[in-house]
Amino acid sequence: MSDAIRVVRINDLEPSWTVLRAREPGFMRSLVTWMGGPEGYINTNPGVAIESRSCAVGLMDMGPGQRQPGVHTHSMVEIYIILDGMVESFDGVGHSHTAGPLDCLYIPKGVPHGVRTIGNKPVKLLWVNDAIEKWGVSLYQEGPGPHEAENGQTVALIPFIDLEPNWSADRAKEAGFLRWCVTWVGSADHATGPNFNCANSACNERVGISLIVVLPANRLPQTESTTGNHLFVVASGRAVLFDGEKHVQIHQHDAVFCPSGAQLDLRALDGAPLYILAIQTA
């Protein structure tokens, strides 16, 4: 494998149960990190996860009947993409949203927030922080509240159903490269990559988050990115990565790190579309 491109396999990430009350029934949840900060910063899998000084990306598993305790706040923007299951989002002042697979919850800096599972299906939730945060900085608040944000902002829901699939990416309509994209989070000046859903997406100048759906037997074109680093997380399906010498299979919830300037050769396997979450830093 190229020194530039790295694969972080979900099976190599040991789940962590160290966040507040995570081992207590009613609040049980585990975390893994594909990309996290250096020592002293949020990273549940140091030595295995990609080390970053610009953002953190991980997965939370939470079973039926569980929730995050109270509400908590961060010193940076946090973004949730629901991969499996249903959640109810809540904040400190009585607002709530219901979110299901491929819906996005956008949480501005300093906004109290939390989620609980709905129904009898476990929740898998991808989380993205648009900066790295030291352990212990996030503030948990329990009790009836209200727990208001200093800036008056609240949690925003970006439903997947509101995002129009876009086929305008390079060679996206060409046989062999057929794919469509949607964007939950992007920047106004496209510093974090193309924003395919400007009207409905959240604006963030530090990180962009898109879904790329590669049709069966098709691949991503080997386009060199000069606008930032990418972390590609397989939401569903299987892929094969070619590094110039051998083919490497990429499975569900594995991640591929592709730094700025590198070229990625990734092809969908099997007869189902390949769903890839693309997280790009400015």
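Residues numbered from 1 in each chain as written. Predicted model: local features only at pLDDT ≥ 70, side-chain atom pairs only at ≥ 80, totals over all residues. Heavy atoms only, no water.

1. A few points about the overall build of the protein
Stage number 1. Counting secondary structure elements, the protein contains 0 helices and 22 strands.
Stage number 2. Along the first, second and third principal axes, the C-alpha atoms of the protein reach 55 × 40 × 35 Å.
Stage number 3. Within the protein, residue pairs in contact and separated by at least 24 positions form 72% of the contacts whose partners lie at least 6 positions apart.
Stage number 4. Total accessible area computed for the protein in this model is approximately 12,300 Å², and 51% of it derives from carbon and sulfur atoms.
Stage number 5. The averaged location of the 29 negative side-chain charges in the protein is 4 Å from the averaged location of its 20 positive side-chain charges. (Helix = DSSP H or I, 4+ residues; strand = E, 2+ residues; numbered from the N terminus. Contact = heavy atoms within 4.5 Å. Areas by Shrake-Rupley, 256 points an atom, 1.4 Å probe, with all protein chains shown as cover. Lys, Arg positive; Asp, Glu negative; His and termini not counted. Charge placed at Lys NZ, Arg CZ, Asp CG, Glu CD.)

2. Observations regarding the nonpolar core
Stage number 1. Among the nonpolar cores identified, the biggest contains 37 residues, and W34, V57, I79, I81, L126, W184 and L277 are the most heavily contacted of them.
Stage number 2. Those residues in contact with I81 that lie beyond four places of it in its chain are L102, D103, C104, K124, L125, L126, W184, I209 and L277.
Stage number 3. Among the nonpolar cores identified, the runner-up in size contains 23 residues, and L220, L241, I276 and A278 belong to it. (Core = buried A, V, L, I, M, F, W, Y, C linked by side-chain atoms within 4.5 Å. Buried < 20%, exposed > 50% of the residue type's maximum accessible area, 1.4 Å probe, protein only.)

3. Focus: the pairing of strand β4 (residues 56-62)
For a regular strand, side chains alternate in direction, first toward one face of the sheet and then toward the other.
Stage number 1. Of all 7 residues making up β4, 6 are buried, and the element is well covered by its neighbours.
Stage number 2. In this sheet, β4 lies alongside strand β2 (residues 29-36) in antiparallel orientation, the contact comprising 6 bridges. The residue bridging V32 from the neighbouring strand is L59, located in β4.
Stage number 3. Judged from the 7 bridges that link them, β4 and strand β11 (residues 123-129) form a sheet pairing that is antiparallel. Directly across from L59, in β11, lies its bridge partner L126. (Pairing = 2+ DSSP bridges.)

4. Looking at the sheet that holds β2
Stage number 1. A sheet is described by the order of its strands in space; here 7 strands give the open sequence β3-β2-β4-β11-β6-β9-β13, paired in mixed fashion. Each edge of the open sheet is held by one strand with a lone partner, namely β3 (50-51) and β13 (156-158).
Stage number 2. Note: strand β6 (residues 78-84) against β11, 6 bridges, orientation antiparallel. When the sheet's bridge partners are listed, I82 is paired in β11 with L125.

5. Focus: the environment of C198
Stage number 1. With respect to the secondary-structure elements, C198 resides in the loop between β14 (179-186) and β15 (202-203).
Stage number 2. Separated by 78 residues in sequence, C198 and N120 place their C-alpha atoms 35 Å apart.

6. Notes on the packing of aromatic side chains
What describes a pair of aromatic rings is the distance from one ring centre to the other and the angle between the planes of the rings.
Stage number 1. Considering all chains together, one arrives at 1 aromatic pair under this definition.
Stage number 2. Looking at R21, its charged tip hangs above the ring of F27, at a distance of 4.0 Å from the centre. (Phe/Tyr/Trp six-rings, centres within 6.5 Å; stacked < 30°, edge-to-face > 60°. Lys NZ or Arg CZ within 6 Å of the ring centre and 35° of its normal.)

7. Overview of the environment of V8
Stage number 1. By secondary structure assignment, the location of V8 is in strand β1 (residues 6-8).
Stage number 2. Residue V8 is classed as buried on the basis of its relative accessible area, which comes to 2%.
Stage number 3. The residues touching V8, leaving out its near neighbours within four places in the chain, are L13, W34, V48, I50, D254 and A255.

8. Here's the deal with the sheet that holds strand β19 (residues 247-250)
Stage number 1. Judged by pairing direction, the sheet is antiparallel, and its 3 strands sit side by side in the order β19-β18-β21 without closing on themselves. Each edge of the open sheet carries a strand with a single partner, namely β19 and β21 (266-268). Neighbour-to-neighbour, the strand axes of this sheet turn through a mean angle of 30°, independent of strand direction.
Stage number 2. Judged from the 3 bridges that link them, strand β18 (residues 239-242) and β21 form a sheet pairing that is antiparallel. Residue pairing for β21: A239 is matched across the bridge by A268. (Axes fitted to C-alpha atoms, helices over the stretch in contact; angles between N-to-C directions.)

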